[in-house]
Amino acid sequence: MADRRIRNIVIVGGGTAGWMAASALAKVLGPGCSIRLVESEEIGIVGVGEATVPHLKLFNRVLEIDEIEFVKQTQGTFKLGIEFVDWGRLGDRYVHGFGTIGHDYGLLPFHQYWLKMFRAGKAAPIGQYSINTLAASRGKFMASATDVPANSPLANIAYAYHFDAGLYARYLRRYAEARGVKRMEGKVVNVTLRDPDGFIEAIRLQSGETLSADLFIDCSGFRGLLIEEALHTGYEDWTHWLPCDRAIAVPCENVGPPTPFTRSTAHAAGWQWRIPLQHRTGNGYVYSSGHISDDQAAATLMAHLDGRALAEPRMLRFTTGMRKKFWNKNCVALGLAGGFMEPLESTSIYLIQSGIARLINLMPDLDFSPVLIDRYNAQASFEFERIRDFLILHYCATERRDSSFWRYCSGMSIPEPLAETIALFKDSGRFFRNGEEMFAITSWIQVMFGQHIMPQHYHPAVDLVPDHDVAGLVESVRSVVAACVEAMPMHAQFIARHCAAAPP
Ligand SMILES: Cc1cc2nc3c(=O)[nH]c(=O)nc-3n(C[C@H](O)[C@H](O)[C@H](O)COP(=O)(O)OP(=O)(O)OC[C@H]3O[C@@H](n4cnc5c(N)ncnc54)[C@H](O)[C@@H]3O)c2cc1C
């Protein structure tokens, strides 16, 4: 039988998506497959995207990337979660910490026992039962310890990274080129489609050079050079649920030690991110242009920086949503070319990672079987939609009415699956993770508790456990978490000891 393997891949775009795809495919497919990546220095990369989620550790593990070296090379810091300020009400502050909260007991998750105690005035806020949340609020951090019992919270600390987006793309470029990926500098100016099936046959560069391939990966950013401009795939617009459509970004000087968390502060027409790196702090105001002018948004951002701005503010426009198909014919769109949701929960780089993993799982041969393509698109759309709903939760579960933006968000209609998730939780604190959706129960409940959605009841089975035992369980978790956090070093100390970067 003839060998029908994909032997020739062209990636268009050398931002985070392009180099992540090139690195992973080179590692997994090996030298038997030619991988070429085209990028244009003149066009450049989006240059934001500096906060991640813990899944990236798996990506690094598959690529056999050394963590310490990676953090040093990217001016990275560690991230235990996200602090949300002023979201539920003005003056509010809560942390969505990664990892677990307490531990399950019998058939029920920990928060059900906590709910009973909390309602009786006998429990602290839920964050005190999460090692991540407590450590984040104290500025502490350590990687999982290997010299403690396996059931200690210190043995399994869920964390992610903050890094410099430009340095990350360069780091991966070195990785991919060392594994045979060929980088080509130049602008793609034309795309040829094949008769009669409309597959992409070749791309032409400004230099006149033509590149053909079996599989094209579109990592060209928002414009979607292949997936949209050539293949006219179509885009689903979610602006009515997530009305922010612009961001202004600016780096500033560090003031004080880096926090081991990303901060998201709600403002009158959106929210501001704060991402601490070793050499600077990244900031940006994500806002709805229908509710504030660009000048006002820029002024708000500049008034809320820790230190001196290190560059001119830069504006980015976007339309929240996703392509109607992520994989169309012989083209797979990754990163901004596939879709975009604001970085409220740092999900975009994760979505690139999961898109790459899905492509490797469903790697076609030259026949491009439609069942593989359909499954890819169904999974990717589902994943996008559930993340979308999680983001909408932050906006619709607000008690703020102090601006036209927040009045819109608090009154807007929401997708049916999200309405059902909220109703189930409001009733008795129940939550069910849907299939392979990204965020687990602990993420959803922290945001719901953090934004004042308090269940009317706890699960009736909690009453099968004697009160004394429930109280003992809840208190033992609190004291173990507190003792573990006490033993952790400060985040800045940890970095200085293990992975301090050279000055830029
Ligand atoms: C405001 C904002 C904040 C964000 N924050 C986060 C965050 O905190 N966490 C997170 O996970 N994600 C975040 N993201 C998303 C993240 O930045 C992107 O997912 C990530 O950077 C991937 O971008 P990309 O590689 O798809 O596109 P880009 O970085 O835009 O790269 C596109 C590439 O295509 C090339 N290209 C384009 N046209 C051509 C052409 N004609 N010829 C040749 N080459 C071409 C460009 O040169 C470039 O190399 C954020 C996004 C925005 C807009």
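Cut-offs applied
- Residues numbered from 1 in each chain as written.
- Predicted model: local features only at pLDDT ≥ 70, side-chain atom pairs only at ≥ 80, totals over all residues.
- Heavy atoms only, no water.
- Helix = DSSP H or I, 4+ residues; strand = E, 2+ residues; numbered from the N terminus.
- Buried < 20%, exposed > 50% of the residue type's maximum accessible area, 1.4 Å probe, protein only.
- Contact = heavy atoms within 4.5 Å.
- Pairing = 2+ DSSP bridges.
- Axes fitted to C-alpha atoms, helices over the stretch in contact; angles between N-to-C directions.
- Phe/Tyr/Trp six-rings, centres within 6.5 Å; stacked < 30°, edge-to-face > 60°.
- Parallel < 35°, antiparallel > 145°, perpendicular 65-115°, else oblique.
- Left-handed = near helix turned anticlockwise from the far one by under 90°.

## Here's the deal with the side chain of Gln-446
So, point 1. Looking at the secondary structure, you find Gln-446 in helix α13 (residues 441-450).
So, point 2. Its relative accessible area of 5% is what places Gln-446 among the buried residues.
So, point 3. Once residues lying within four places of it in the same chain are set aside, the contact partners of Gln-446 are Tyr-94, Val-95, His-96, Gly-97, Ile-101 and Thr-133.

## Brief notes about the sheet that holds strand β15 (residues 270-276)
So, point 1. If you trace the seven strands from one edge of the open sheet to the other, you get β5-β4-β14-β15-β16-β13-β17, paired in mixed fashion. The open sheet has two edge strands with one neighbour each: β5 (93-97) and β17 (314-317). Pairwise comparison of adjacent strand axes, ignoring direction, gives a mean angle of 20° for this sheet.
So, point 2. As paired elements, strand β14 (residues 262-267) and β15 share five bridges and run antiparallel to each other. Directly across from Thr-265, in β15, lies its bridge partner Gln-272.
So, point 3. Across the sheet, helix α8 (residues 294-303) is in contact with β13 (246-252), β14, β15, β16 (281-287) and β17; its angle to β13 comes to roughly 30°.

## Quick look at the packing of aromatic side chains
The description of two aromatic rings rests on the distance between their centres and on the angle between their planes.
So, point 1. Under the criterion given, the structure shown has 35 aromatic pairs.
So, point 2. A ring pair is formed by Phe-70 and Tyr-161, whose centres lie 5.1 Å apart and whose planes are at 85°; its orientation type is edge-to-face. Here the residue Phe-70 occupies a position in helix α3 (residues 67-73), and Tyr-161 occupies one in strand β6 (residues 160-162), the gap between them amounting to 91 residues.
So, point 3. Classification of Phe-70 as buried rests on a relative accessible area of 1%.
So, point 4. Among the residues examined, Tyr-161 registers a relative accessible area of 2% and is labelled buried.

## So, the packing of helix α1 (residues 16-29) against helix α6 (residues 165-178)
A packed helix pair is summarised by two numbers, namely the angle formed by the two axes and the spacing between the axes.
So, point 1. The contact between α1 and α6 brings their axes to 9 Å, and the two run at 25°. On the basis of the axis angle, α1 is roughly parallel to α6. The element α1 and its partner α6 pack so that their crossing is left-handed. Between α1 and α6, the contacting residues are Thr-16, Trp-19, Met-20, Ala-22, Ser-23 and Lys-27 on the first element and Tyr-168, Ala-169, Leu-172, Arg-173, Tyr-175, Ala-176 and Glu-177 on the second.

None of this, on its own, says anything about what the molecule does.
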